[in-house]
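# Close look at the chain arrangement
Below are the chains, spelled out letter by letter.
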Amino acid sequence: METIIKGDQLEKIKHFLQQGYYDSAVKESCAILEEILKRIYRQAMSELPIEDRTALMEGESKIGKGTKSYVKFGFGELVGLYNRTRLLERWGKYTGSNMGIIRSISLDYIVELRNRLTHEQASMTEDVSQSEAQLVYDCLLNWLSFIGYKDMSAGVEKAFSPSGTVKPTAKTGESAYKHMKKEIHSGYDPSIKLERRRLKRQAAYSEQQDAESFTYAVERIGRREKLIGLDIGCADGYVTERRFLPEYGFEKVIGIDRNKTLIEKVRAEDHGIFHYHDMDLESRDFEDEMEDMMEEEGIEAFDVIFSALTLHHLKNPVRLLMKLRKYLRKGGAIIIRGVDDGGMMAYDDGGLVEEILDDCLRQVSVSDRYHGRKFFPWLRGIGFSDVKMLYNFDDTTGMDTEERIDFFHYYFDFRQSYTRQAVDREPDNPQFIEDHERMLANLDKMEELFLKPDFYFAALTVSAIAIK
Ligand SMILES: C[S@@+](CC[C@H](N)C(=O)[O-])C[C@H]1O[C@@H](n2cnc3c(N)ncnc32)[C@H](O)[C@@H]1O
């Protein structure tokens, strides 16, 4: 079989990247990715069990409207075909491989980028950025390394045989994944009323865990007066004012958040020792703005820096943690709290939780839902040697119906917003509509399960406290 990729094609893309021809790099990478997707599909159609092949044919016929074969599909249609037919999942089951990094990278993001490029070129506006082009190239390398890049046809065949799957090297896999995560923009908007109510309920769940973190932090600081606090991603201060309690000895507490509406609202009222500032944690001027704010507030350094459920919305949480470390007094404490979807357990849900999580992960707007496990490495990595971890499982045991429903809303409600955002962006995209409808139907099923007294669900909250 002929080889469809030559080394010089990659050289060409590398050259485009070096020379700043980012849109060409994206187009070239997508063209190769398109070819890979077609090859794999063709192989799947001859290798997979009959029921899988039937599903593939149905998907192909839907997307091609019964007239166009996959051979004529563009990149977006191919990605749609893979999503709709869950081809990689089928392939994974057939070969006994979990497909690793390949399955965790959403190609939807690249489709979006590719669409944007076509659109923007037409109007001669903004180009693709270097990091976006690099992201697509990394993704391509990942797929190539997964299927064996020198001879793609042989690679595809080999990867399809149950024992012969070629795994990506940890290095390429991880770096591309990190790159991908870095580019993910969370579509989260806390000013939405429902979401704010959910956050308030959520705040009650973690009250005990935060009390433990604050008590430990204040004990380690060894002083219960004139403490200065900082809350990162404070929203409207609801949690801030219930965590930085006066009995710990706080004299002044600053809350920062980029949501202008919320910050303006709280700034218009008197909140005593709590002062709020509108600031973007990812802005290039963050350090200047922090230093101006500290000067204005007469603050030299902070004793306690706290951040709940915020770092996973950022493109580069470690960079922020590194900056924050500077503003922490020697002997001061940083407390971070988040969740980790890997710590979820459910029985008997028949795989529903996994399906909901998978559907979320494929969305471009999703935040990093597996961040709890990263706290320790993040903090150690930036020089904190004294890090304590705290864990809490909330579960349905001992909950009455109302509490179980509340618990369901806390853990699942927001997930439909990811699929809804895709529909909002492209209302006519049949794939997005289908994803969203499936998500709503699955959430309904999940809610019904929570109503059953013998259904078990548990979820993990993670906190880390580091002392400088
Ligand atoms: C899930 S909410 C958590 C709010 C609060 N800490 C709590 O525990 O309920 C995340 C908050 O992070 C804020 N946020 C996200 N990205 C931000 C950024 N780049 N700069 C500042 N705030 C940001 C959002 O506006 C939002 O208020």
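Cut-offs used in this document
- Residues numbered from 1 in each chain as written.
- Predicted model: local features only at pLDDT ≥ 70, side-chain atom pairs only at ≥ 80, totals over all residues.
- Heavy atoms only, no water.
- Buried < 20%, exposed > 50% of the residue type's maximum accessible area, 1.4 Å probe, protein only.
- Helix = DSSP H or I, 4+ residues; strand = E, 2+ residues; numbered from the N terminus.
- Pairing = 2+ DSSP bridges.
- Core = buried A, V, L, I, M, F, W, Y, C linked by side-chain atoms within 4.5 Å.
- Contact = heavy atoms within 4.5 Å.
- Near = heavy atom within 4 Å.
- Polar contact = N/O pair within 3.5 Å; in protein donor to acceptor, adjacent residues only side chain to side chain.
- Areas by Shrake-Rupley, 256 points an atom, 1.4 Å probe, with all protein chains shown as cover.
- Nonpolar A, V, L, I, M, F, W, Y, C, P; charged D, E, K, R; others polar.
- pLDDT = per-residue confidence, 0-100.

## Some words on the pairing of strand β8 (residues 456-467)
Within β8, eleven of the twelve residues are buried, which leaves the element mostly enclosed by the surrounding structure. With three bridges connecting them, strand β6 (residues 345-347) and β8 associate as antiparallel partners. Bridged to A346 within β8 is F457. The sheet contact formed by strand β7 (residues 386-395) and β8 spans ten bridges and is antiparallel. Among the inter-strand pairings, N392 is bridged to a residue of β8, identified as T461.

## Observations concerning the nonpolar core
Proteins that are soluble and globular tend to have nonpolar side chains buried together. Counting 48 residues, the largest nonpolar core has L140 and W143 as its most contacted members. Of all elements in the fold, only α1 (7-19), α2 (22-47), α3 (50-63), α4 (75-85), α5 (87-95), α7 (107-123) and α8 (130-147) reach the threshold of two or more residues within this core. Take this core: its biggest share by element is eleven residues, from α2. Each residue touching W143, except ones within four places of it in the same chain, is listed here: L33, I36, L37, I40, Y82, L88, I102 and L107.

## Details of the site of the ligand
Looking at the ligand, there are 18 residues lining it, with G233, D257, D280, L281 and A308 nearest. R258 is positioned with one of its backbone polar atoms (N or O) 3.2 Å from a nitrogen atom of the ligand. Measuring from an oxygen atom of the ligand, one finds a side-chain N or O atom of T310 at 3.4 Å. Look at the ligand: alone it shows 590 Å² of surface, and the protein chains cover 97% of it. Residues of the shell around the ligand, tallied by class, amount to ten nonpolar, four polar and four charged.

## Here we look at the confidence of the model for the protein
Summarising the model, the protein shows a mean pLDDT of 84, and 84% of its residues fall at 70 or more. Within the model, pLDDT remains below 50 along residues 121-125, and this stretch shows three contacts once partners closer than five positions in the same chain are excluded. Scored below 50 in pLDDT, residues 163-188 makes 55 contacts in the model with residues more than four places away or belonging to other chains.

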